[in-house]
Amino acid sequence: MHRRSTTALVLAVLAVLAAGCSDGGTGTGTDAAPGPSATATTGEPTPQTATTTAPESTGPPAGTAANTAQVCRAVDQLIIDGSRQITADSADATREELTPEQLNGKLKGRLSRLADDVRAQARKARDDRIRKLVEETATKIDAGASAKSPASWMGTDFVDIPPRLTRDCHV
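Basis of the calculations
- Residue positions within a chain follow its written sequence, with the count starting from 1.
- Per-residue local features of the predicted model are confined to residues with pLDDT of at least 70, and side-chain atom pairs are confined, for both listing and counting, to 80 or more; whole-chain, interface and lining totals are unaffected and use all residues.
- Just so you know, side-chain values use all the structure's heavy atoms and leave hydrogens and water out.
- Remark: nonpolar core denotes a set of buried residues (Ala, Val, Leu, Ile, Met, Phe, Trp, Tyr, Cys) joined through side-chain atoms within 4.5 Å.
- Working definition: with a 1.4 Å probe on protein chains only, accessible area under 20% of the residue-type maximum means buried, over 50% means exposed, and in between means partly exposed.
- Only runs of H or I of at least four residues qualify as helices and only runs of E of at least two qualify as strands under DSSP, and these elements are numbered from the N terminus.
- Working convention: axes come from line fits to C-alpha atoms, limited for helices to the stretch in contact. Angles between N-to-C directions cover 0 to 180 degrees.
- Comment on the angle field: the value is read as roughly parallel under 35 degrees, roughly antiparallel over 145, roughly perpendicular from 65 to 115, and oblique elsewhere.
- By the convention used here, residues are in contact when the closest approach between their heavy atoms is within 4.5 Å.
- For this classification, the nonpolar set comprises Ala, Val, Leu, Ile, Met, Phe, Trp, Tyr, Cys and Pro, the charged set comprises Asp, Glu, Lys and Arg, and every other residue, Gly included, is treated as polar.

Some remarks on the nonpolar core
Right, on to step 1. Core analysis: the biggest nonpolar cluster contains 30 residues, and Ile79, Val118, Ile141 and Phe158 have the highest contact counts within it.
Right, on to step 2. Elements that contribute at least two residues to this core include exactly helix 3 (62–95), helix 4 (100–124), helix 5 (128–146), helix 6 (150–156) and helix 7 (161–168).

The structure is reproduced here in structure tokens:
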């Protein structure tokens, strides 16, 4: 019974992760364009359109911003794909009636490869803040690969990764 409850936990966690990661909110800083302003109909500026001059940008240069969006999207996709692969592994483990130890072995390998892939994206980041965030994400995933019970780790720690990336991985 323990084997099925471990697999069920992993599948439940991954379902939540897949829903959170695939909602279109990649955290890349792309927002919908604002609608037409009131000036188009009344000629009077609204508080939102009554700006004088745009302040100087203190953000990253355009190349860095584009690279950040690219790296963040790639990391999001790695997390989604890794979650799907872990879900498939867990379903296979149920069919094959693997022991919890065997399932943990599969999870450890999958998480280790995912951490390596995420770390490769960190090396591509031009923005130091994004590089650090993505490296920290890889380190957290490595912790799951090293955990005594990666299935339990996924239910407590892995679930925090997608919301953090959505919140912090953007231009």
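Description of unusual backbone geometry
Right, on to step 1. Phi is positive for Glu97, close to 55°, though the residue is something other than glycine.
Right, on to step 2. Residue position: Glu97 is located in the loop between helix 3 and helix 4.

Some points on the environment of Pro162
Right, on to step 1. Of note, Pro162 is situated in helix 7.
Right, on to step 2. The buried category is assigned to Pro162, whose relative accessible area is 7%.

Quick word on the packing of helix 5 against helix 7
Right, on to step 1. Remark: helix 5 packs on helix 7, axes separated minimally by 11 Å, with the N-to-C direction vectors making an angle of 180°. Taken as axis vectors, helix 5 and helix 7 run roughly antiparallel relative to one another. Facing helix 5, whose interface residues are Arg129, Ile130, Leu133, Glu136, Thr137, Lys140 and Ile141, helix 7 presents Ile161, Arg164, Leu165 and Asp168.
Right, on to step 2. For the contact of helix 5 with helix 7, the per-class residue count stands at 5 nonpolar, 1 polar and 5 charged.

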